[in-house]
Amino acid sequence: MRIEGENGAPVSPGSSAASNSSADEMIENENQSLRDRVADLEKKVHEQTDEIMCLRSTLADVLRRISTIEGARALANNHAGGRATPTKDTVRLRHNNSDSARDVSKRASSYLPGRSPSSTQIRRGVHYQSTSSLYSDGHSSSSVSPAPSPSPTQANNPHPVHTARHTTPSPSPFASPARPHQLGVLNKRWASTSDFATPAHHQYHHLAPSPTPTNSQLARRPNSGSLHNLNHLRSSNSQLNLSRHGAKEAQYNGEEGIVKMYLRGRPINLYVPTPMRETYVPNGPSSSPPAKLKLEWVYGYRGRDCRNNVYQLPTGEIVYFVAAVVVLYNVEDQMQRHYLGHTDDIKCLAVHPNKLLIATGQTAGHDRRDARSWRLNPPSDPLSPEAEEWPHIRVWDSVSLNTLHVIGISDIERSVACLAFSKADGGSLLVAVDEAPDHNMSVWDWSRGERGYKLLETKCSADQVLAVDFSPVDRSTIITCGKNHISFWNYESGMLAKRMGVFENRERPKYVTSISFTDTGNVISGDSNGNLLIWQRGGNTVYKMVRGAHDGPVFSILVQKDGGIITGGKDGRIVEWDRDLERTGNVIEIPEQYGSPRVVTSGRGSQLVVGTTRNCVLGGTFTFPLRPVMQGHTEELWALAPHPGHHQFLTAGYDRTCYLWDTMAHTIVWSKDIGEHAQSAAFSNNGEIVIIGTTSGRWFVMDSETREMYSQHQDGNEPIQVLKFSPNGQYLAVGSRDNNIYIYQVSEDCRKYTRVGRCQGHSSFVTHLDWSADSQFLQTNSGDYELLFWNAGLCRQIAQTSQMRDVEWATQSCTLTFATLGIWPEGTDGTDINTCAKANQMDLLATGDDFGKIKLFASPACQQRARCLEYGGHSSHVTAVGFLQDDSRMISTGGRDTAVMQWVVSSNSSSSHR
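These notes cover the structure that comes with them. (Residues numbered from 1 in each chain as written. Predicted model: local features only at pLDDT ≥ 70, side-chain atom pairs only at ≥ 80, totals over all residues. Heavy atoms only, no water.)

## Remarks on the sheet that holds strand β52 (residues 844-849)
Here 4 strands make up an open sheet; going across it, the order is β51-β52-β53-β54 and the pairing antiparallel. With one partner strand each, in any of the chains shown, β51 (833-838) and β54 (869-871) form the two edges of the open sheet. Between one strand axis and the next, the sheet turns through 20° on average, direction left out of account. Pairing between β51 and β52: 5 bridges, direction antiparallel. Opposite A837, over in β52, you have A846 as the bridge partner. (Pairing = 2+ DSSP bridges. Helix = DSSP H or I, 4+ residues; strand = E, 2+ residues; numbered from the N terminus. Axes fitted to C-alpha atoms, helices over the stretch in contact; angles between N-to-C directions.)

This is how it looks when you write it as structure tokens:
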């Protein structure tokens, strides 16, 4: 064979082979050089991604601090020049050209500091300033829901974005001029915080949680064509209840001065005070409340039955939830902010890979417990407030607290059990698992459309699902675990392929309780037997097993940036492991009083943040012991007693524990285990003694400083519903569930109690009682809607109730009196309102109801269905409300949500809510 070159000259086969070899070497060298360059570029991209993340976080923190400083400056101005009269601008975003619509396709080019907090905040020192409402008076800590904001990925979305809960946006400090160009494709990584910070001009009115419904759905939706009217109706974090109802109207007999009201059709006679007899009209106009509330601090955390719900944000804030509130707590600055977009119990939380977006899922609302029956009949009007009572997911911005998307309405049957953002693709997908019997798992393109776009849904497991997560290296891999299973899912071409985990000859656990991923994509699981297992990337069989990692279930697995692993178990121990799952010797023993570590997450530096099964959040390291960052009650909460002389209050509940809280330092002064379920509490008039009533009929006399028990007394075998000292301090009234009120004479500086007698006459259990200002009389309510009056010294009922019409009462905690006629909504069954309290120095009345709502009325609220301001946050029945001695703050307690909320009371000088 003859081989010729380009010029026709013969070429030997050897030289041809050498030439080919040389060319191959050159190609290989170039390929290697290209691979090296690509690797270098990837390394630089990762480094720049970390730098961008750091810059975004720093920017968010700086803006938050700037807003705090501006808020402090506003407070200082208030000290100097008095309270300013709020204007419409304090409850409304800046509207460029329209009051009702904004162009969602526009984005802000950068964050700009905005308005300072409302000047109507209570006057207090800067040291105790809370950022609970940094960005508005209505959408952070004091709003029924956060302000509207567009999705950062909706630049090309033709549909306008709607926001959460109500239509009046808050003045955001991050509002900025619109950017003339669009952002591009949907599934992009976040470029800057400005991509998702700018509030949308159009309102999320249909995504906003409605005011808590009563049996008759108190708040009627106004004409959807009048956004201006809707803005007025949903001002700040409250709704001014002006609607008229078709209930049976109260009847007034002017000759006798008796107004007859009806509860469930039952007539109740109330006597009108003499000065009002000639002018009183039961259906006449009522006054607006003279003050408003702003949520300042939330005590508590939900760790008893929720997992993976504590995270440290790059801004230094710890994010967690309790009741219907997501708390962003900066421990270093002692400040809280609150996201209030939810209408009921929050069950899960997930943080986006950019560390600034957060997704939270809730259960069905109070009127939607039977979810299976109404899932087949979704709301005919997707803009209706009723839609917010469905279980759903909210994606929101942790900097501005703006709601971006509301997902899953009518798709989730019972509640959202667990959530996770995808990681390998920058967080474009969101996976959710429903707590319904089928435990459906759905995958969402959450940023597509105003309500997201469901890519697929499938039955996940017949058994309980405890956790779900995306692989950090494989975009299509999802892991779920729970009772009797761990499942490996592969998402491809719109389909999910499922492979069950194979334990082979290893012991199969009853529960796989936790999962996490190594940096190489391997799965680590912890189970109820206390074992750790490693599952290789892409497989579904066990690669390695560590037996007895914990004595009992492994609740949490944390994989650190350096590859080290930290686990927390039911045995109360936190154990450190190296990347090969060998013990390093570092162990933390959590004191039993704080519970077991439910979730362990990384804090700043080497610090750990731990959420526990006894509703505590702890912080510390393996070197320095863990200390409580937040503590809370663990069971149903009923007892509340504001201190009569200090900015303190006491709470107690069915967890047998009493806490004395300081409202200024936001800390626990002391706690005491009384050994019984607590039902009620009261301070003596001098604040030196506290009385605790229990569910067994026993009540304790205790020193409020030393916690020394002086004595205990027994009145019947039923719960002590209410305790109250007379204004002169000489008597103690004890209201019991056995239908009786026991009167005691007080002596020896409130340390000795001698029974005077027993007031008998109620046909049902005593619920509330008040002393007259002269300490001679009592008025009491019972479970069957009675209002009775008593001569306290004689322990006799006053039959001629008309004689009591002009008596001045020292307190107003009875919910059924002439002064509280207006607090009862249409269709109520008489038990919907659990608690009532009048401010000490203001004509202000607060109530708490079965729907988790707090309402403010002008006192007396004697016109039927009086005007009120309504506030959300609790997800259970509100069991008690009470004002501090100077009326600067109000405290509320939730029943099963175990949350204690502290509200700032600020004068509402404008009160022009129409």
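## Considerations on the side chain of Q362
Along the polypeptide, Q362 turns up in strand β12 (residues 357-362). Taking the relative accessible area as the measure of exposure, Q362 reaches 0% and is therefore buried. A distance of 3.1 Å separates the side chain of Q362 from the side chain of H342, its partner in a polar contact. Within the structure, the side chain of Q362 is placed 3.0 Å from the side chain of T343, a separation counted as a polar contact. Residues in contact with Q362, not counting those within four places in the same chain, are H342, T343, D344, D345, I346, K347, E388, W390, P391, H392, S415 and V416. (Buried < 20%, exposed > 50% of the residue type's maximum accessible area, 1.4 Å probe, protein only. Polar contact = N/O pair within 3.5 Å; in protein donor to acceptor, adjacent residues only side chain to side chain. Contact = heavy atoms within 4.5 Å.)

## Structural notes on the nonpolar core
L293, Y320, F883, M890, M901 and W903 are the most contacted members of the largest nonpolar core, which totals 46 residues. With 6 residues, strand β6 (residues 291-299) is the largest single contributor of residues to this core. Setting aside chain neighbours within four positions, we find M901 in contact with L295, W297, V298, A323, V325, G873, H874, M890, I891 and S892. Among the nonpolar cores identified, the runner-up in size contains 28 residues, and L787, F857, A866 and C868 belong to it. (Core = buried A, V, L, I, M, F, W, Y, C linked by side-chain atoms within 4.5 Å.)

## Structural notes on the sheet that holds strand β11 (residues 346-351)
As summarised here, the arrangement of the 4 strands in space is β11-β12-β13-β14, forming an open sheet in which the pairing is antiparallel. Unpaired on one side and paired on the other, β11 and β14 (403-407) mark the two borders of the sheet. Across the sheet, the axes of successive neighbouring strands diverge by a mean angle of 20°, strand direction being ignored. Two elements, strand β13 (residues 393-397) and β14, share 4 bridges in a ladder whose sense is antiparallel.

## Topic: the pairing of strand β55 (residues 878-883)
Of all 6 residues in β55, 6 are buried; the element is thus mostly enclosed. Where β55 and strand β56 (residues 889-894) come together, 5 bridges link them in antiparallel fashion. Its bridge partner lying in β56, V878 is registered against G894. Where β55 folds back onto β56 in an antiparallel hairpin, the turn is made up of 5 residues, including D887, whose phi is positive at roughly 60°.

## With respect to the pattern of salt bridges
Applying the stated rule across the entire model yields 21 salt bridges. What you see here is one network of salt bridges that share partners, running through R302, D305 and D345. (Salt bridge = Lys/Arg side-chain N within 4 Å of Asp/Glu carboxyl O.)

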